Structures are given as C-alpha cells and as structure tokens.
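Each chain, letter by letter, is given below.
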Amino acid sequence: MATAEIGLVGLGTMGSALALNIAEKGFSIAVWNRTASKTHDFVAEAGSLADRITPTETLAEFVAAIAAPRAIILMVPAGQAVDDQIEALAPHLGPDDLIIDAGNANFHDTNRRMRALSHPFLGIGVSGGEEGARHGPSIMGGGPKQHWDRVERVLTAIAAKFEESPCAAWLGEEGAGHFVKAVHNGIEYADMQLIAEAYGLMRDGLDMNAADIGKVFDRWNEGPLQSYLTEISGIVAGTDDAATGGPLLDVIVDAAGQKGTGRWTAIEAQHLGAPIPVIEAAVAARNMSARREERATLEDIYGPGPTRIAADTLPLETLENALIAGKILCYAQGFQMIGAASDQFGWHLDGPAIARVWREGCIIRSAMLDDMATALDEAPGRSLIAAPFFADWLKKTHADLRAVVAIGAGAGIAVPALSAALAYFDTMRTGRGTANMIQGQRDYFGWHGFARLDDGTKDRHGPWAED
Ligand code: 6PG
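Residues numbered from 1 in each chain as written. Predicted model: local features only at pLDDT ≥ 70, side-chain atom pairs only at ≥ 80, totals over all residues. Heavy atoms only, no water.

Visitor: Would you mind going over helix 16 (residues 367-378) with me for this structure?
Guide: Each α-helix turn comprises 3.6 residues. Residues three or four places apart therefore point the same way. Regarding helix 16, the residues found buried are Met368, Leu369, Met372, Ala373, Ala375 and Leu376. Summarising the contacts, the buried residues of helix 16 are in contact with helix 14 (316-345), helix 15 (351-357) and helix 17 (388-411). (Buried < 20%, exposed > 50% of the residue type's maximum accessible area, 1.4 Å probe, protein only. Helix = DSSP H or I, 4+ residues; strand = E, 2+ residues; numbered from the N terminus. Contact = heavy atoms within 4.5 Å.)

Written as structure tokens, this is what we have:
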C-alpha cells in the first residue's frame with residue numbers, strides 16, 4: 001500500500017542513519033537497497049522504529065510503497081552511481097515524483113541532471129558524518145524552491161538545531177546546495193590542516209607527546225576555537241592504541257585520504273577567480289602527504305627537516321592565536337568564494353543563511369559561525385575580515401600568526417595552510433601591491449597594456465627602455 005511519506009534508496013552508512021533519523025522524527029519511510037539482504041538486516045536492527053519503515057525488494061515495490069506525488073532520497077556514491085540509479089528508477093515514477101540527491105555530488109553534475117531530467121530534482125548537501133545523519137545533520141538545499149517546499153517539513157525535522165532553529169535551508173537554484181557543500185568541505189580540509197600544523201609544531205617543535213597535545217586541544221576547545229574539529233582532535237590525540245599501549249595517533253600512517261570534494265572546491269575557485277589559498281594549501285598538503293616514499297627519499301638526501309623549538313619561543317597561547325587568525329582567514333575565503341559563485345551563476349546565495357546552516361550538525365560547526373552569521377548579516381557582501389568583530393580578532397592575533405609561521409620556517413616544520421593564511425592577510429591588507437611589475441612585464445613581452453595610476457587612463461603601453 002502506498003503509505004510511506006518518503007522513500008530512500010541506498011542503505012550504506014549515511015543512508016541507513018538518515019532513514020532511521022527520518023523514522024525517528026515520526027515519518028513513515030520506504031527503503032530500498034541494491035542488496036536486499038542489507039535492507040532486511042537494516043529493518044531487523046531498527047528496533048521500535050521498524051514500524052515506520054517499509055522494506056522493499058524491487059524498485060517497483062519501493063515506488064509503489066510511497067504516497068504520490070513521491071519524494072525519494074538517493075544516498076548512493078557520487079558520480080555514475082547516481083545517474084544509474086536515476087535511470088533505474090525513472091520508468092517507475094510519475095511525472096511529479098521528486099528525486100533528491102543527498103550525496104556529495106559535484107554541483108556541475110547536479111546542474112546537468114536538473115536540466116536533463118523530466119522529473120523534479122533537488123541536490124542537497126548533507127553534512128555531519130554518520131552521527132550527524134542519524135541525529136541531526138546540516139542540510140544545504142539546492143534546486144527549484146517549489147520542490148524544496150514539498151520536503152522542507154521532513155528535512156527541517158531531521159536537521160540539527162541551533163537554539164531551536166533548524167540547520168537546514170534552501171540556498172539557491174540548480175546545484176547551489178551541492179556547491180555550498182563542496183565549499184563546506186574545502187573549509188573542512190583547511191580547518192583540519194591548520195589543526196594538523198599546530199599538532200606538528202607541538203610534536204616536532206616542542207617535543208610534546210600525543211596525550212599532552214590532546215589536552216591542549218581540549219583546552220582550546222573551551223575558548224574561541226571551540227568547534228567539532230578541535231574537540232575531535234583532542235580525542236584523537238588523547239586515544240591510546242589497544243595493541244601497543246602507546247598513542248594511537250603515533251601508529252597511523254601519515255598519508256591523508258580524500259574523496260575529492262576539497263579538490264573540486266580548489267578547481268572551482270580557479271574558474272571563479274576566487275582566492276582561497278588556505279583551502280588550496282590544504283588540498284595540496286593532502287596530495288603531498290600521499291607521497292610517502294618520495295618524502296622518505298628526500299629525507300635521506302637532505303636529512304630530517306624539523307628541529308626543536310625552545311618552549312619559551314613558542315608559547316601555546318601564541319599558537320592558539322595563530323590558529324584563530326588562520327581559521328578566520330580561511331572561513332573568510334570560503335564565504336567570498338560563495339559570493340563569487342552567487343554572482344557568476346545568478347544564485348543569490350544568502351551568506352548569513354549559509355553561516356546559520358553551518359552552526360550545528362556539520363563537520364565545520366564551531367562557535368565562530370554564529371558570529372560569522374551576525375557579521376554577514378550586517379553587510380552580506382563584505383569580507384569577514386573587514387567586519388569589525390573579526391577585524392578586532394585579527395588585530396589581536398595576526399602578529400602571533402606571523403610569529404608562528406616564522407618559527408615554523410626557522411625550524412623546518414611545514415606550515416603551508418598557516419603560511420597561506422598569512423600571505424593572504426598580508427596581500428589583502430596592502431593597498432599598493434606589486435602587480436604593477438607583472439603588468440609591466442606583460443606589456444613588455446606581449447603589449448598587453450596597463451592602466452596608469454596618475455591619470456586613470458587604461459590600455460596604455462611602454463615605450464620600454466632597450467636593454
Ligand atoms: C561531511 C563530510 C563528508 C566527507 C568526509 C570525508 O560534511 O559530513 O564533509 O561529507 O565525505 O568528511 O571527506 P574526504 O574523504 O574528502 O576527506
């Protein structure tokens with residue numbers, strides 16, 4: 001009988017958690033998975049929530065179990081699997097049945113699907129990992145607003161709440177939701193890299209053990225750096241390994257994985273001409289981390305890089321301030337990139353609304369995001385680093401960012417994201433930069449033209465002196 005209020009395809013980790021969350025919030029849900037045994041195991045383990053879950057074995061049975069006009073969430077791996085799943089579902093669907101891709105899709109794919117499909121389609125970014133999906137993710141909606149309105153009740157009910165306010169919102173047309181999710185992930189990469197660099201300075205520079213480093217993160221999590229990522233870094237550093245009895249962190253291979261969303265953000269930033277150097281540095285750092293053999297060879301050639309730092313030259317408060325500055329600068333870049341995309345694609349993205357959606361549930365949730373929402377509300381198009389609240393923070397912390405980058409450079413400890421943050425700050429606070437030299441070079445070798453400062457004229461040329 002077609003009674004389920006919503007359907008969900010794909011009972012992997014995220015799909016299962018989301019389906020349980022939907023059932024727990026009182027909605028009846030039909031589920032389907034490619035392997036039917038997984039569907040049955042899922043329902044068997046759903047406990048009292050099983051009453052609201054309809055397991056189905058074929059797509060025809062699945063679609064028939066959902067009340068029309070249907071809403072179907074896809075939770076399948078991004079890429080070809082989404083296209084395949086849509087193709088398999090399509091013959092069973094009515095013209096008004098809505099497909100919602102809740103995976104980490106590339107927003108270009110979402111744009112393409114939205115244009116090509118005859119069915120209503122939404123692309124929503126869902127953040128918060130398994131725990132978030134189960135108990136309250138952050139949800140970034142994109143696509144035609146009237147389709148979002150059809151499922152808003154379910155999506156806001158299952159979303160994380162920040163002081164009662166759901167962290168779920170329709171953000172814009174087309175692939176806007178997946179685009180914002182990709183920027184979220186870019187910031188996630190950058191924030192994680194900044195934390196990893198602080199860890200490196202403490203481990204290699206200050207010779208601190210993992211447990212002590214964990215305590216520092218725990219302490220920082222009670223101040224301005226309070227965030228999910230700071231919190232879990234404390235837990236990660238403080239965990240012992242059952243096999244060796246030593247810190248688990250010490251036996252983890254130093255090569256970071258990535259599924260690609262941070263890379264997409266860096267690529268898209270180039271298309272948009274949006275400077276996001278901290279995020280780019282974080283993506284590059286993951287790529288460098290993966291080259292373990294090459295790094296070992298180079299260590300043999302050049303000798304070990306890091307040297308010890310005297311504790312009194314790097315007080316932990318200085319490091320904390322550097323992280324605060326780095327974090328503000330990287331979020332500022334992310335929001336500016338969102339603004340650039342909004343202009344480019346005509347999406348009218350609402351920066352403050354995005355900051356509000358990120359306040360709870362997602363991986364980058366942090367105390368600072370509430371202040372960012374307020375700062376963006378005051379002047380939506382303005383860079384966060386020009387907002388008085390964050391300018392005050394940067395005035396207090398940028399000298400420490402500079403000190404930490406200098407200490408890292410002096411000790412041979414790589415701090416690419418912190419360095420990128422500092423270079424961005426120094427570049428953007430310098431009214432008279434050095435690109436006049438680049439314009440001179442371009443005109444010299446290619447007659448590309450330059451604008452003059454003195455009389456405001458454009459497309460001027462040499463003559464240049466002969467050598
Ligand atoms: C989230 C995360 C999630 C992402 C993982 C792993 O918001 O819940 O961003 O969507 O898939 O964090 O990403 P990487 O494998 O690229 O590190």
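So that's the structure; there's more coming.
Visitor: Just to check I follow, could you spell out the nonpolar core for this structure?
Guide: Nonpolar side chains tend toward joint burial in soluble globular proteins. One finds Phe179, Met202, Phe335 and Trp358 to be the most contacted residues of the largest nonpolar core, which totals 88 residues. With 15 residues, the single largest contributor to this core is helix 14. When residues of this core are assigned to domains, at least three map to each of domain 1 (6-174) and domain 2 (181-428). Aside from chain neighbours lying at most four places away, what touches Trp358 is Ser138, Met140, Val180, Val183, His184, Ile187, Phe335, Ile338, Ile364, Arg365, Ser366 and Leu369. Ala19, Ile29, Leu49 and Met75 belong to the second-largest nonpolar core, a separate cluster that totals 35 residues. (Core = buried A, V, L, I, M, F, W, Y, C linked by side-chain atoms within 4.5 Å. Domains from an automatic or database assignment.)

Visitor: Please clarify how the site of the ligand should be interpreted in this entry.
Guide: Close to the ligand lie 14 residues; Ser127, Lys181, Glu188, Tyr189 and Arg286 are nearest. In the model, an oxygen atom of the ligand is placed 2.9 Å from a nitrogen or oxygen of the Lys259 main chain. Here the ligand loses 81% of its free accessible area of 410 Å² to cover by the protein chains. With five residues, the top contributor of residues to the shell around the ligand is helix 8 (residues 176-205). Considering only residue class, the shell around the ligand consists of two nonpolar, eight polar and four charged. Formed jointly, the shell around the ligand draws a minimum of three residues from each of two domains, domain 1 (6-174) and domain 2 (181-428). (Near = heavy atom within 4 Å. Polar contact = N/O pair within 3.5 Å; in protein donor to acceptor, adjacent residues only side chain to side chain. Areas by Shrake-Rupley, 256 points an atom, 1.4 Å probe, with all protein chains shown as cover. Nonpolar A, V, L, I, M, F, W, Y, C, P; charged D, E, K, R; others polar.)

Keep in mind these values describe shape, not function.
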